[in-house]
Amino acid sequence: MQTAALNDVSSQGQDLRYLTAHFRDLQGLRMAPFWLELLVLTSLAKTGSLSRGHLAWAAAVVIAAQFGWLHLGGLWYDRRYGVVKEPEPAVPSGLISIMHPEGTPQRAANPLARRYGYVSGVNAVLCLLWAFTFVPDLFLGHLAQPGMFAFFFATFQVFGRCICPVTDNWSVVLRRVLATTAMIAMIGIYFDYRFARMDLLTWMALMFSFLLLLDLYDHWLLSHLLNGDFAERGHE
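Residues numbered from 1 in each chain as written. Predicted model: local features only at pLDDT ≥ 70, side-chain atom pairs only at ≥ 80, totals over all residues. Heavy atoms only, no water.

A. Region of interest: the overall build of the chain. The secondary structure content of the chain amounts to 10 helices and zero strands. Reading the secondary structure of the chain in the N-to-C direction produces α-α-α-α-α-α-α-α-α-α. Across the 236 residues in the chain, those meeting the buried criterion constitute 40%. In the chain, the share of contacts with a sequence separation of at least 24, taken over all contacts with a separation of at least 6, comes to 75%. (Helix = DSSP H or I, 4+ residues; strand = E, 2+ residues; numbered from the N terminus. Buried < 20%, exposed > 50% of the residue type's maximum accessible area, 1.4 Å probe, protein only. Contact = heavy atoms within 4.5 Å.)

Right, dumping it as structure tokens:
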């Protein structure tokens, strides 16, 4: 990708800027396996195939495995699609020795240095929060409100996709449309759950399904933009 293309005001330039800005956001396979595993566990719990104790242990194993996959998934994306250079934050010279004692020279030597720590840390926290949600009695006992927790964190996952800027590319616009539709559906289904028209496990299964589909679409969009549009332009 050439720097000059980033200044292109055409639809091609807009798509490239969008792809660069959301390169990590579109790495949907980082979290998609997690939603699939939780969807399977929810289905097993609903059918009564797993006892409460076995369900808690299975959820703990899934969450532990997800920690490792966040890092391995990032490595896979880097090997398959490359790395997007991230700009260095502006740091006043007087604070360099305090705020960035070693990181700045190292990144200067390698501007494409991987920053898995921040991204993996954020996703790891989200995984822990989902643990509180999925096995609430393990942590909160009779005070648990798993439906409310699940709705809050699902909203955190989806809302940003509803408001982020889009380009004229139909596939980018469709990402916002799908996220907005999922957001509206989750709100409606949550009220069904709150008014006792739907049980907790059905509500959570639907929510995990929405998150899984959105992350799979993100991965498809990343592959489509890189291997489709831009690959064709590179041969012109």
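B. Inspection of helix H4 (residues 52-81) at higher detail. Along its 30 residues, H4 runs 41 Å from first to last C-alpha, staying within 8% of the 44 Å computed at 1.5 Å per residue. At tryptophan 69, H4 shows its maximal kink, close to 30°. Following H4 by one or two positions, glycine 82 has its phi on the positive side, about 95°. (Expected span 1.5 Å × (residues − 1). Bend = angle between axes of the 7 residues up to and from the residue.)

C. Focus on the pattern of salt bridges. Enumeration according to the criterion identifies four salt bridges in this entry. For arginine 161, the salt bridge goes to aspartate 215, with nearest N and O atoms at 3.0 Å. Of this pair, arginine 161 sits in helix H8 (residues 146-163) while aspartate 215 sits in helix H10 (residues 200-234); the two residues are 54 residues apart in sequence, bridging distant segments of the chain. Across the pair, exposure class does not vary: arginine 161 and aspartate 215 are buried alike. Here aspartate 218 makes a salt bridge to arginine 175, at a shortest N to O gap of 2.6 Å. Highlighted residues: aspartate 218 in helix H10 and arginine 175 in helix H9 (residues 170-194), separated in sequence by 43 residues. Here the residues in one salt-bridge network are Arg161, Arg175, Asp215 and Asp218, joined through shared partners. (Salt bridge = Lys/Arg side-chain N within 4 Å of Asp/Glu carboxyl O.)

D. Here's a closer look at the packing of helix H3 (residues 32-47) against H4. Following both chains from N to C, one finds H3 and H4 inclined at 175°, their axes separated by 10 Å at the closest point. Relative to H4, the element H3 lies roughly antiparallel. Here H3 contributes Pro33, Phe34, Glu37, Leu38, Leu41 and Ala45 to the contact with H4, which in turn contributes Leu55, Ala58, Ala59, Val62, Ile63, Gln66 and Trp69. Here the residues of the contact of H3 with H4 sort into 11 nonpolar, one polar and one charged. (Axes fitted to C-alpha atoms, helices over the stretch in contact; angles between N-to-C directions. Parallel < 35°, antiparallel > 145°, perpendicular 65-115°, else oblique. Nonpolar A, V, L, I, M, F, W, Y, C, P; charged D, E, K, R; others polar.)

E. Quick look at the side chain of serine 171. The topology assignment puts serine 171 in helix H9. According to the relative accessible area criterion, serine 171 is buried, its value standing at 0%. A polar contact is formed between the side chain of serine 171 and the side chain of asparagine 169, at a distance of 2.6 Å. In contact with serine 171, other than residues within four places in its own chain, are Tyr217, Trp220, Leu221, His224 and Leu225. (Polar contact = N/O pair within 3.5 Å; in protein donor to acceptor, adjacent residues only side chain to side chain.)

F. Summary view of the nonpolar core. Residues Phe34, Trp35, Trp130, Val158, Trp203, Met207 and Phe208 are the most contacted members of the largest nonpolar core, which totals 38 residues. Elements supplying a minimum of two residues to this core: H3, H4, helix H7 (116-134), H8, H9 and H10. Residue contributions to this core peak at nine residues, all from H10. For tryptophan 35, the contacting residues outside a window of four places in its chain are Trp130, Gln157, Phe208, Leu211, Leu212 and Asp215. Ranked by size, the runner-up nonpolar core spans 14 residues in total, among them Leu221, Leu222, Leu225 and Leu226. (Core = buried A, V, L, I, M, F, W, Y, C linked by side-chain atoms within 4.5 Å.)

G. Spatial organisation of the environment of tryptophan 35. Relative to the helices and strands, tryptophan 35 is located in helix H3. C-alpha of tryptophan 35 to C-alpha of methionine 207: the two residues are 172 residues apart in sequence and 9.1 Å apart in space.

H. Examining a nonpolar patch on the surface more closely. On the surface, Leu36, Val40 and Leu44 cluster together into a nonpolar patch covering about 220 Å² of accessible area. Along the chain, leucine 44 falls in helix H3. Taking the relative accessible area as the measure of exposure, leucine 44 reaches 31% and is therefore partly exposed. (Patch = residues over 30% accessible without salt bridge, like charges linked within 9 Å, V, L, I, M, F, W, Y side chains within 5 Å. Areas by Shrake-Rupley, 256 points an atom, 1.4 Å probe, with all protein chains shown as cover.)

By themselves, these are just geometric observations and shouldn't be taken as functional.
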